[in-house]
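# Descriptive structure summary
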Amino acid sequence: MGAVSGSLPTIGEAAERLARTRAWEADVSRLRYASASRLEALARIGLRTIRDALMHVPHRYLDFTRVTPIGHADVGSEVTVVGTIDKVTLKRPKPRMQIVEVALIDATGVLMCAFFKQPWLAEQLRAGDTMAVSGKVSFAFGFRQMRPQFHEVIAQVKDAAQPQGSSSGEASPRGACVTYARMLPVHPVTEGLSPAWMRRIESAALADYGDACDPIPASLVANLGLMTLSRALREAHFPSGAKAAERARRRLAYDELLGLQAALLSRQAIALDGLEPHVHVVDGPRLKALLAALPFELSEEQRQATEEILADMAAARPMNRLLLGDVGTGKTAVAAVALAAVADSGSQAAVMAPTSVLARQYAEKLGPLFDEAGISWALVTGATPAAERARTSEGLAEGTVSVLFGTTAVLGDDIRFSDLSLVVVDEQHRFGVGQRGALRSKGRVADQLTMTATPIPRTLALSIYGDLACSRIRTRPRAGAGITTKLITPENADVAHTAIAEAVAAGHQAYVVCPLVDDADDGSELEDVPEAERATAKPHSARATFERLRGRVFPSLSIGLVTGRMPASEKDEAMAAFRSGATRILVSTTVIEVGVDVPNATVMMIWDADRFGLAALHQLRGRVGRGDVAGTVFLVSAARGTSPAKRRLEALERISDGLELAEMDLRLRHEGEVLGLRQSGGVTLRLVDLTADADLVEAAHEDALGLVSADPALSAPEHKALARVVRRRFGSFFDGERSR
């Protein structure tokens, strides 16, 4: 099971290692120092078993190999300083404002540290304690200053203490000497559990249970030159150096990636075992008629994607393919070819879109082409009248309707297909796994084609969608007139208003996008953009902006409103009025982010742009410049100077490639938040850096393919340990729901 070592263990040693491995599932209370008073704190951070504790790796390290003397700390630099506390003062410069000021000294100088809104530190920190601080150095009032991002008391006066935690009033473990490691691990903790006690618990866990069996086959570990699991855990928790800590993280990251890939591929293999798939006709008359009806020739990339999809549909195995393409690359035309093949095969297809606006747009775009090609179709949304829905359901059950367009309304029990053989899901991360599975289950081993305009880097596609074959369209068949993106401050909003007025006067239309629906919303439903990347305290709402524009800014213009909370019929009416030109300005939330196509729209104004991810902003701006007139997008943000929020938005001004922006978004945020999986039941890879670990992603994917191809259920004796780990970490994949 484990990696190859210098000599084979004796029977007794092997038995002890197996016993330690089995103990990983025991309650965390078995660990030394996990006292009754600390068990509640451990539970709050998700540590319930010994395995949880061992996998609770530090989120950062204090690197004492790079300590900067106070006198050598340059103003403006980020440094780690170790010194002796000379004085601790609690100040109250204003009502309800409390600042703990600490004078830290060493042989070279004085550093004044200010801790805001942490008055308890005045009692915890004592003159004479040795403390380490990390942060940016400034200069004021004759002294170097710092507002530490992190601090840690590493030795206490008189008692010759070992490390103490900085965020808890709990007493620290005490020893007999004043020493500290070259790299001090900082584990995530909570109230009632200091970093020092967490280190002591982790040290005991490693000593008592760390030398366990490695569930990853030794050949895979050796091929990649990775650490053994036991060594990786030791170096992750208490590294001998920065390079060793990084090697340990990569080993644990590989375990996560391999487990996820194995879960995805094994689940697919188990689900399809023994089932007879559809074998579609891919050169029939309706497909040829559709291609002839298209008002354009497919581009080379569209043809390649079409060939890959049709080859899957004609094969004696179920298709599970992801079609990736930026805004305007022509994914709809490719999907239409697949739908035509279904009609030629005498079976049925369903297209599920995330919004009624997009579902109706599919029907309006493809419906006339299908009519010309002799393909019957229907549309079902939440706004479909009961009588029409009943007729559609009857046609589906009888097999007279070949293609159904719709929203989640197609999941209703009354919607029954005669022979559903293809499911097309647009922007799949906007649906729960249960919803996607429910649609596919309406047919007998239906093929599935998933489409997304969300730019997804290859590493992210492999890690999250490892069970899907990928087709990618990178270039737009029709370039369009182009888009110019401009970043402006709220004080200069009139610049955008003027551009909107000029566009409308020239016969064009405009969008105004807001993060919130109502002013009463707290913003909890917004994208998980890191707080440091935000510049706006209270985002704008669509309803309030709609009233302000209609009442004061553009009183003579026709302005519409569309949000995700409006009834489907009202949304359809609002979009129909905008498409027809009756509405000149449309105020909306991100409900227009996906698929909305109004070529006459040339200007977009996005309020509080810092509250959106880069991928979402890129999709939003793709709504303009789709016709013969160039589009202009105004990103309105209070971001100032060289703030992270402003740098992120400035990237949109100069970068037009969605994939490049997605790579940047991935560096800024977690993979789950980039894809919106936080709301849709996604999985988070805790230790994987998808930018730095591209080689591990590729390797884990290939290794998982090899394992599952030879042993689909991972039931062979040599794979049982891995299977248990996979099911424990990603078991929800086998139960039909993904969880964090």
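Residues numbered from 1 in each chain as written. Predicted model: local features only at pLDDT ≥ 70, side-chain atom pairs only at ≥ 80, totals over all residues. Heavy atoms only, no water.

## Considerations on the packing of aromatic side chains
All chains considered together, the criterion is met by 4 aromatic pairs. When the ring of Phe370 is compared with that of Phe405, the centres are 6.1 Å apart and the planes differ by 15°; the resulting orientation is stacked. Here Phe370 is found in helix H12 (residues 356-373), whereas its partner Phe405 is found in strand E12 (residues 403-406), with 35 residues between them in sequence. For Phe370, a relative accessible area of 0% corresponds to the buried category. Residue classification places Phe405 among the buried positions, given a relative accessible area of 1%. (Phe/Tyr/Trp six-rings, centres within 6.5 Å; stacked < 30°, edge-to-face > 60°. Helix = DSSP H or I, 4+ residues; strand = E, 2+ residues; numbered from the N terminus. Buried < 20%, exposed > 50% of the residue type's maximum accessible area, 1.4 Å probe, protein only.)

## Description of the environment of Val82
Note on placement: Val82 falls in strand E2 (residues 78-94). Taking the C-alpha atoms as reference points, Val82 and Val133, separated by 51 residues in sequence, lie 6.6 Å from one another.

## Quick look at the nonpolar core
Within the largest apolar cluster, 63 residues are counted, with the highest numbers of intra-cluster contacts made by Trp24, Leu31, Leu42, Leu54, Leu252, Tyr254 and Leu258. Sorting elements by how many residues they give to this core places helix H8 (residues 242-272) first, with 11 residues. Here Tyr254 is in contact with Ile216, Leu220, Leu224, Leu226, Leu696, Ala700 and Asp703, once residues within four sequence places are set aside. Among the nonpolar cores identified, the runner-up in size contains 42 residues, and Val342, Val351, Leu366 and Ala373 belong to it. (Core = buried A, V, L, I, M, F, W, Y, C linked by side-chain atoms within 4.5 Å. Contact = heavy atoms within 4.5 Å.)

## Some words on unusual backbone geometry
Even without a glycine there, the phi angle at Tyr33 is positive, about 75°. Inspection of the secondary structure assignment puts Tyr33 in the loop between helix H1 (11-22) and helix H2 (36-44). Unlike most non-glycine residues, Val445 shows phi in positive territory, near 50°. With respect to the helices, strands and loops of the structure, Val445 is situated in the loop between helix H14 (433-440) and strand E14 (447-452).

## Considerations on the pairing of strand E10 (residues 348-352)
Where a strand is regular, its side chains alternate between the two sheet faces. The element E10 is extensively covered by neighbouring structure, given that 5 of its 5 residues are classed as buried. Alternating residues of E10 divide into Gln348, Ala350 and Met352 and Ala349 and Val351, and every residue in both groups is buried. The sheet contact formed by E10 and strand E13 (residues 420-426) spans 5 bridges and is parallel. Following the sheet pairing, Met352 is matched in E13 by Val425. (Pairing = 2+ DSSP bridges.)

## Observations regarding the sheet that holds strand E9 (residues 320-325)
An order of E11-E12-E10-E13-E14-E9-E15 is seen for the 7 strands of this open sheet, with the pairing classed as parallel. Looking at strand neighbours, the two that pair on one side only are strand E11 (377-380) and strand E15 (469-473), the edges of this open sheet. Each adjacent strand pair in this sheet contributes to an overall mean axis angle of 15°, direction not counted. Note that E11 and E12 share 4 bridges and pair parallel. Bridge pairing in E12 links Trp377 to Val403. (Axes fitted to C-alpha atoms, helices over the stretch in contact; angles between N-to-C directions.)

## Considering the sheet that holds strand E17 (residues 509-513)
Backbone-to-backbone hydrogen bonds pair the strands of a sheet. The strands run either parallel or antiparallel. Judged by pairing direction, the sheet is parallel, and its 6 strands sit side by side in the order E16-E21-E20-E17-E19-E18 without closing on themselves. Of all strands in the sheet, those with a lone pairing partner are strand E16 (483-488) and strand E18 (559-562), marking the two edges. Direction aside, the axes of adjacent strands within the sheet are offset by 20° on average. Bridge analysis of E17 against strand E20 (residues 601-606) gives 5 bridges, and the strand direction is parallel. By the bridge assignment, Tyr511 is partnered in E20 with Met604. Helix H18 (residues 568-580) contacts E17, E18, strand E19 (585-588) and E20 of the sheet and is inclined by roughly 140° relative to E18. Packed on one face of the sheet, helix H20 (residues 644-654) meets E16 and strand E21 (631-636) and runs near 155° to E16.

## Quick notes on the packing of helix H9 (residues 285-293) against H12
Two numbers describe how H9 lies on H12: the axes approach to 8 Å, and their chain directions differ by 125°. Classified by the interaxial angle, the pair formed by H9 and H12 is oblique. Considering only the axes of H9 and H12, their crossing is right-handed. On H12, the residues touching Arg286, Ala289, Leu290 and Ala293 of H9 are Leu369, Phe370, Glu372 and Ala373. Residues belonging to the contact of H9 with H12 are distributed by class as follows: 6 nonpolar, no polar and 2 charged. (Parallel < 35°, antiparallel > 145°, perpendicular 65-115°, else oblique. Left-handed = near helix turned anticlockwise from the far one by under 90°. Nonpolar A, V, L, I, M, F, W, Y, C, P; charged D, E, K, R; others polar.)

## What about helix H17 (residues 542-553)?
Listed as buried for H17 are Ala542, Thr545, Phe546 and Leu549. Looking down the long axis of H17, one finds its buried residues gathered within 105° of arc, a one-sided arrangement. (Arc of directions from axis to C-beta.)

## Comments concerning the environment of Ala244
In this fold, Ala244 is placed in helix H8. Exposure remark for Ala244: the relative accessible area of 11% places this residue in the buried category. Between the alpha carbons of Ala244 and Met227 there is a distance of 9.6 Å; along the sequence they are 17 residues apart. Excluding residues that lie within four positions of it along the chain, Ala244 makes contacts with Met227 and Glu235.

## What to know about the packing of helix H7 (residues 229-237) against H8
Where H7 meets H8, the axes come as close as 8 Å, and the angle between the chain directions of the two elements is 130°. In this view, H7 runs oblique relative to H8, as classed from their interaxial angle. Between H7 and H8 lies a crossing whose hand is left-handed. Side by side, H7 and H8 meet where Leu229, Arg231, Ala232, Leu233, Glu235 and Ala236 of the first sit next to Ala244, Ala245, Arg247, Ala248, Arg251, Leu252 and Asp255 of the second. Classifying every residue of the contact of H7 with H8 gives 8 nonpolar, no polar and 5 charged.

## Examining the side chain of Gln145
Among the structural elements, Gln145 can be located in strand E6 (residues 143-146). In contact with Gln145, not counting residues within four places along its chain, are Leu111, Met112, Lys136, Val137, Ser138, Phe139 and Ala140.

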